[in-house]
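Commentary on secondary and tertiary structure
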Amino acid sequence: MAAAGQRRGADTKAEIRKVAIELFTERGYEATSLREIAERLGITKAALYYHYSSKESIVRSIFEAHLEALDELTAWARKQPPGPELRARAVDRMVDLGIGSGMAVMRFAMANQHVIRELHDEKGRENVFGKMTELFDILTGPDAPIAEVLRVRAALLSVSLVLMSSRGLDASEAEITAAARDIAHTLIGSGKPAA
């Protein structure tokens, strides 16, 4: 029984994050209240407070989810045989992280850069950089030429850049995702066509 209750709690937290990101992106972080988030969800403010005590705690949990996803990607990459196929598959997995809520998070980050800087402290930025560097190192190995290292880094970072840059474009998520995949594969040199 406890597992079902915990699952519902995790689902509720994910839904709160999703709605909060939508509102923060639409109206701006400062202009959105916890009351508005609760109303859009159809729950009481007290129920929202049960899961998150503030808007800041919602945003921090988004960062934590992003770091967990990077950890999972890095752990997966570490278990794979090195080479061009691994790089191509890592690009696909990076794009997959951006689908759905990932795209909303990128758009939120683009629309609320000052909030990201304030809430994502230096330690958090170093943590993201450290996790990305670890992934880059796994994908290229210690003896890769600098051009190859930079190509892999540019390919993976281009995914986030494309998703952030898509804000305001009249394009579907599928079109944006396909473009992100195509651009990243072109940069990495895998020659793989967009999915």
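Our subject is the structure listed above.
The present account deals with the structure reproduced in this document. Here the structure is a predicted model, which is why all the values come from computation and not from measurement.

**A short note on the packing of aromatic side chains**
Following the criterion strictly, the structure yields one aromatic pair and no others. The side chain of Lys13 reaches across the aromatic face of Tyr52, ending 5.4 Å from its centre. Over the ring of Trp76 we find Arg93, and its NZ or CZ is 4.0 Å from the ring centre.

**Structural notes on the pattern of salt bridges**
The tally for this structure, following the rule as stated, stands at ten salt bridges. For Arg181, the salt bridge is made with Asp92, and the minimal N-O distance between the two is 3.0 Å. With Arg181 in helix 10 (residues 173–188) and Asp92 in helix 5 (residues 84–98), this pair connects stretches of sequence that are 89 residues apart. On the accessibility criterion, Arg181 (9% relative accessible area) is buried. Between Asp96 and Arg181 there is a salt bridge, with the nearest N and O atoms lying 3.2 Å from each other. Pair noted here: Asp96 is in helix 5 and Arg181 is in helix 10, with a separation of 85 residues, a long-range link. Linked through salt bridges whose partners overlap, the residues forming this network are Lys18, Glu22, Glu26 and Arg40.

Cut-offs and rules
Residues numbered from 1 in each chain as written. Predicted model: local features only at pLDDT ≥ 70, side-chain atom pairs only at ≥ 80, totals over all residues. Heavy atoms only, no water. Phe/Tyr/Trp six-rings, centres within 6.5 Å; stacked < 30°, edge-to-face > 60°. Lys NZ or Arg CZ within 6 Å of the ring centre and 35° of its normal. Salt bridge = Lys/Arg side-chain N within 4 Å of Asp/Glu carboxyl O. Helix = DSSP H or I, 4+ residues; strand = E, 2+ residues; numbered from the N terminus. Buried < 20%, exposed > 50% of the residue type's maximum accessible area, 1.4 Å probe, protein only.

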